Structure formats: structure tokens, C-alpha cells
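Next come the chains, spelled out residue by residue.
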Amino acid sequence: QHACRVEKCFMCDLRMTCSFNTNSSILSYSTNSIVVEGIYIQGAIFKETSLSSVDASSPQFSTIPPMTIAFIPITEPLLELGETLSVPVFVSLWNKRTVLDVSLPCASENDKRKWIL
């Protein structure tokens, strides 16, 4: 709602997007962006610029890099190129309440398929 007041538009005119690229053009589309840090991922690691599998000796949780979240006009193109996977972000470790879904980059379409149950 804050983004809508600042942009002087309706909620249906904006969409949420996120980027892990610190030089992303996401900031040029929105005056309402935040950087979120300290988010953990379970069952995978964020290696270089995309999701990677873990092995048996890997820790159960690992952190993802800082992520910029913004609301941009629905008329603007999606900012991240390549394959992405929509992943829920939960309030706690018990996965009872979803806060939002974020798009995490995958190396390829083939790589994306292995994450979908």
C-alpha cells in the first residue's frame, strides 16, 4: 500500500519483483525498494548466481545473498533474465505461514525441473 501511495496508483498496477544482482536495474523502476538480508534456504545452496544441490555433509540451512525487493509497474518487463524458480519464504523454520514467494535463479530449465516436486 505504501508503494501505491508513493507511485499514485492502484495495487493491481504493481507487481513485486526481486533481484540478487547488486547492479540490477530494479532501482530505476521503483522508488520503493528494500534490501533483505539474513534469509536462509533449506536443502540447497546459493552458489555463485544460482541454486545448487547439496551433499550429505552440507549443513541443513545456508544463507542466500542479499536480495533487493521492489514493486514495479506491471507494464515494465521482468528484470531478471534466465530461468527462475518461485520459492516460498516462511516466517519460521516450521513452514506454517508463508510471507511471500521469491524467484531464485536456476542455471537452466533442466536444473529448474529437479527442484519442482
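This one's a predicted model, so the numbers in the text were calculated from it and none came from an experiment.

(A) Broad picture of the overall build of the protein chain. A count of helices and strands for the protein chain gives 3 helices and 9 strands. Taken across its 117 residues, the protein chain has 28% of its residues classed as buried. Partitioning the contacts of the protein chain with sequence separation of at least 6, the portion at a separation of at least 24 is 62%.

(B) Seen up close, the pattern of salt bridges. In the structure shown here, the tally under the stated rule is 2 salt bridges. The partner of Glu 109 in a salt bridge is Arg 113, with the nearest N and O atoms 3.8 Å apart. Note that Glu 109 and Arg 113 are positioned in helix α3 (residues 109–113) at a spacing of 4 residues, about one turn of the helix. The exposure class assigned to Glu 109 is partly exposed, which follows from its relative accessible area of 35%. Residues Lys 114 and Asp 111 are paired through a salt bridge, measuring 3.1 Å at the closest nitrogen-oxygen approach. Judged by its relative accessible area of 47%, Lys 114 is partly exposed. By relative accessible area, Asp 111 is classed as buried at 13%.

(C) Quick peek at the environment of Asn 32. Mapped onto the fold, Asn 32 is located in the loop between α2 (26–29) and β2 (33–36). Residue class for Asn 32 comes out buried when judged on its relative accessible area of 16%. Note: C-alpha distance between Asn 32 and His 2 (30 residues apart in sequence) is 8.3 Å.

(D) Here's a closer look at the packing of aromatic side chains. Per the counting criterion, the structure on display carries 1 aromatic pair. With a centroid separation of 4.9 Å and 40° between ring planes, the pair formed by Phe 20 and Phe 46 is classed as tilted. Of this pair, Phe 20 sits in the loop between β1 (14–19) and α2 while Phe 46 is found in strand β4 (residues 45–47), placing the two residues 26 residues apart along the sequence. You can call Phe 20 buried: its relative accessible area is 15%.

(E) Local environment of the environment of Phe 10. Its location among the elements puts Phe 10 in the loop between α1 (2–7) and β1. A sequence separation of 63 residues divides Phe 10 from Pro 73, and the C-alpha atoms of the two residues are 10.0 Å apart.

(F) Focus on unusual backbone geometry. Despite not being glycine, Asn 95 has its phi angle at roughly 55°, a positive value. Relative to the helices and strands, Asn 95 is located in the loop between β8 (84–90) and β9 (98–105). You can call Asn 95 partly exposed: its relative accessible area is 40%.

Cut-offs applied
All residue numbers here refer to positions counted from 1 along the written sequence of the relevant chain. Per-residue local features are limited, in this predicted model, to residues with pLDDT of at least 70; the limit for side-chain atom pairs, both in listing and counting, is 80 or more; totals at the level of whole chains, interfaces and linings are taken over all residues. Side-chain numbers here rest on the full set of heavy atoms in the structure, without hydrogens or water. Counting from the N terminus, the helices are the DSSP runs of H or I reaching at least four residues and the strands are the DSSP runs of E reaching at least two. The buried label applies to any residue whose accessible area, calculated with a 1.4 Å probe on protein chains only, is under 20% of its type's maximum; exposed applies above 50%, and partly exposed to all values in between. Between two residues, a contact is recorded if the distance between any of their heavy atoms is within 4.5 Å. What counts as a salt bridge is simple: a side-chain nitrogen of Lys or Arg found within 4 Å of a carboxyl oxygen of Asp or Glu. The pairing test for Phe, Tyr and Trp rings, Trp by its six-membered ring, is centres within 6.5 Å, and the orientation test on the planes gives stacked under 30 degrees, edge-to-face over 60, and tilted for anything in between.

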